[in-house]
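# An overview of the molecular structure
What follows is the residue order along each chain.
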Amino acid sequence: MRQKIVELLDGVIDVLNASDISEFIEIPQKKELGDYAFPCFRLAKELHKAPQIIASDIAASITRPFFLDKIEVQGAYVNFFTNKSVYARTVISNSVEESYGSSDIGKGKVICIDYSSPNVAKNFHVGHLRTTVIGNSLYKIYSKLGYKVERINHLGDWGTQFGKLIVAYKNWGSEEAVREKGIEELMRLYVLFHDEADKNPELQDEARSWFHKMETGDVEALKIWKWFFDISLDEFKRTYKLMGVEFDHYTGESFYRDKTQSVVEELTEKGLLSDSEGAKIVDLSEYDMAPCLILKNDGSSIYATRDIAAVEYRKKTYNFEKCLYVTGQEQKLHFAQVFKVMELLGNDWAKDSLIHIPYGLVSLAGEKLSTRGGNVIYAEDILNEAISKIKEIIEEKNPELSDEEKQNAARIVGVGAVIFNDLYNQRIKDVSFKWDKVLNFDGETGPYVQYTYCRCASILRNASYDENLQIDCSQILDEPAITLLKEINRFPQVVKDAAEKYEPSVVARFSMDVAQSFSRFYNADKVLVDDEQLRNARLKLVSM
């Protein structure tokens with residue numbers, strides 16, 4: 001319906017194209033102002049007329065088509081009132097298609113998304129949930145729009161921290177303890193290193209030495225590192241499975257360690273590299289940024305070097321349209337430096353193709369999580385606790401279910417509640433994690449949306465609904481039904497908006513709007529009535 005109105009306006013407005021017209025069209029908040037509205041303020045400068053006059057001229061130029069009941073001018077707006085029967089039939093016809101909301105906007109284009117990326121030998125904590133959940137949601141959004149999405153887990157599996165861990169393992173660890181306790185033991189050793197290094201600073205030099213051995217291919221150093229890597233990845237994958245998250249590539253920092261030398265050579269050839277107290281940097285003062293460190297004074301690479309190598313590898317391998325980096329906002333400067341270096345290397349595409357997508361912090365009762373300090377809440381524990389709490393509710397309300405059914409339902413609702421709680425918040429905002437809010441079956445929560453879906457499924461099951469039945473759309477033209485149809489009709493635009501803004505909360509809040517609108521419809525319009533035509537029409541609306 002929106003597209004039909006765009007076509008109408010495109011036929012009478014010469015100074016805008018169809019794409020611009022579509023962008024300007026609004027949906028009035030007040031129903032008395034119609035179903036769609038076109039504001040004419042932006043045309044005043046081009047047409048040299050008052051917006052109110054322009055609106056009147058546009059309305060007078062349009063021959064009202066069958067799908068509109070009327071066209072009215074309200075000040076500077078042209079308001080369109082759709083024929084409700086045609087509207088209902090159009091929305092129903094579109095939304096029942098499996099491809100509803102899909103698009104070919106991204107056909108033949110690739111988007112790389114770098115997300116999750118936990119540090120090896122450190123447990124996957126609740127703070128990692130945000131990047132994983134947001135990144136996975138963006139993957140689904142862009143896939144819906146036809147893009148080929150490369151899901152990349154850029155594991156933090158290289159750097160001086162592994163030198164620290166090797167020192168700690170050799171001084172205070174044992175093979176038996178690491179095999180028995182896995183990441184838990186590696187975390188203990190990591191924290192212990194910092195405690196001991198505060199008393200004995202020479203340990204820091206020893207750690208740097210071990211990492212330098214890793215960089216130069218020392219067999220013993222790499223063997224210990226690979227062992228820690230394998231232990232960590234197994235634990236990460238267990239959490240990903242619980243969340244229903246998969247990746248196309250686990251190419252962490254270590255993957256690029258043999259590619260950093262070419263970065264150094266390229267920067268040198270183009271005169272971008274300079275010395276700074278024995279280290280190698282790219283001076284970015286001209287761009288009001290701190291220098292980008294490329295090589296430390298011992299010749300070791302740093303994560304910026306590896307990120308530059310990663311960009312070059314991804315562009316060459318995938319020829320991406322965009323490469324998105326879903327990380328905390330505290331890394332804003334780092335990515336600004338890396339992206340600027342890519343531009344200075346002569347990559348004109350870098351300015352528009354490399355996108356940092358920051359998000360706020362996750363806290364429990366307002367307390368920031370800290371790995372080094374040992375104040376860690378594991379993501380797997382959060383998810384399992386959610387499952388456990390939901391199972392208690394299910395056992396109380398549905399004791400007749402089998403243990404397997406209870407556990408499966410608890411997993412779906414519990415994990416879904418945690419994920420929805422994250423996605424419902426705008427990504428840039430900090431998230432405070434509270435059980436009583438996350439797991440509530442009322443209010444703006446994941447369980448409420450899931451409960452709405454289950455209610456719909458139950459109605460259809462009890463009615464033995466046949467989705468192939470033809471219906472009379474004139475039976476569902478009352479306000480609650482039309483309002484629900486309007487919400488459903490927004491979905492294709494919602495997906496596009498979410499992609500353009502890199503904002504999954506747009507989709508999460510849409511799902512809540514639909515659930516709440518359905519609840520109002522359900523409470524106002526009894527579905528399983530005796531009138532067969534009315535019953536079938538309302539069942540069709542429930543099935544959508």
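Structure report, in brief. Fair warning: this is a prediction, and the values are worked out from it, not measured in the lab.

### Section: the overall build of the chain
On a plain count of helices and strands, the chain comes out with 23 helices and 13 strands. With 544 residues in all, the chain has 50% of them scored as buried. Nonlocal contacts in the chain, meaning residues at least 24 apart in sequence, comprise 71% of its contacts between residues at least 6 apart. Surface summary for the chain: the accessible area is close to 26,700 Å², and the carbon and sulfur share equals 46%. Of the side chains in the chain, 68 bear a positive and 85 a negative charge, and the two mean positions are spaced by 2 Å.

### Observations concerning the packing of aromatic side chains
The geometry of two aromatic rings is summed up by the distance between their centres and the angle between their planes. Going through the model one piece at a time under the given rule, you end up with 27 aromatic pairs. For the ring pair Phe255 and Tyr313, a centre distance of 5.1 Å and an interplane angle of 75° mean the geometry is edge-to-face. Residue Phe255 is located in the loop between helix 11 (219–243) and helix 12 (260–269), and its partner Tyr313 is located in helix 13 (residues 303–318); the two are separated by 58 residues in the primary sequence. In this structure Tyr313 comes out as partly exposed when scored by relative accessible area, which is 24%. In this structure, Lys213 is placed above the aromatic ring of Trp210, and the distance from its NZ or CZ to the ring centre is 4.0 Å.

### Description of the environment of Ile5
Tracing the backbone through its elements, the reader meets Ile5 in helix 1 (residues 2–10). For the pair Ile5 and Ile21, spaced 16 residues apart in sequence, the C-alpha separation works out to 9.4 Å. Setting aside its immediate chain neighbours within four residues, Ile5 contacts Ile25, Tyr36, Phe67, Leu68 and Phe80.

### Brief notes about helix 6 (residues 126–144)
Counted at 1.5 Å a residue, the expected span for helix 6 with its 19 residues is 27 Å, and the 28 Å between its end C-alpha atoms agrees. Positioned one or two residues after helix 6, Gly146 has a phi angle of 95°, which is positive.

### Brief notes about the environment of Gly106
The topology assignment puts Gly106 in the loop between helix 5 (84–95) and strand 4 (110–114). C-alpha separation for the pair Gly106 and Leu273, spaced 167 residues apart in sequence, amounts to 37 Å. Every residue in contact with Gly106, bar those within four places of it in the chain, is listed here: Leu145, Gly146 and Tyr147.

### Observations regarding the sheet that holds strand 2 (residues 68–74)
Pairing in this open sheet of three strands is antiparallel, and the strands run 1-3-2 from one edge to the other. Taken across any chain shown, the strands that pair with only one partner, and hence form the sheet edges, are strand 1 (36–39) and strand 2. Neighbour to neighbour, the strand axes of the sheet diverge by 20° on average, direction disregarded. As judged from the six bridges shared by strand 2 and strand 3 (residues 77–82), these two strands associate in the antiparallel manner. Among the inter-strand pairings, Ile71 is bridged to a residue of strand 3, identified as Phe80.

Calculation rules
- Residues numbered from 1 in each chain as written.
- Predicted model: local features only at pLDDT ≥ 70, side-chain atom pairs only at ≥ 80, totals over all residues.
- Heavy atoms only, no water.
- Helix = DSSP H or I, 4+ residues; strand = E, 2+ residues; numbered from the N terminus.
- Buried < 20%, exposed > 50% of the residue type's maximum accessible area, 1.4 Å probe, protein only.
- Contact = heavy atoms within 4.5 Å.
- Areas by Shrake-Rupley, 256 points an atom, 1.4 Å probe, with all protein chains shown as cover.
- Lys, Arg positive; Asp, Glu negative; His and termini not counted.
- Charge placed at Lys NZ, Arg CZ, Asp CG, Glu CD.
- Phe/Tyr/Trp six-rings, centres within 6.5 Å; stacked < 30°, edge-to-face > 60°.
- Lys NZ or Arg CZ within 6 Å of the ring centre and 35° of its normal.
- Expected span 1.5 Å × (residues − 1).
- Pairing = 2+ DSSP bridges.
- Axes fitted to C-alpha atoms, helices over the stretch in contact; angles between N-to-C directions.

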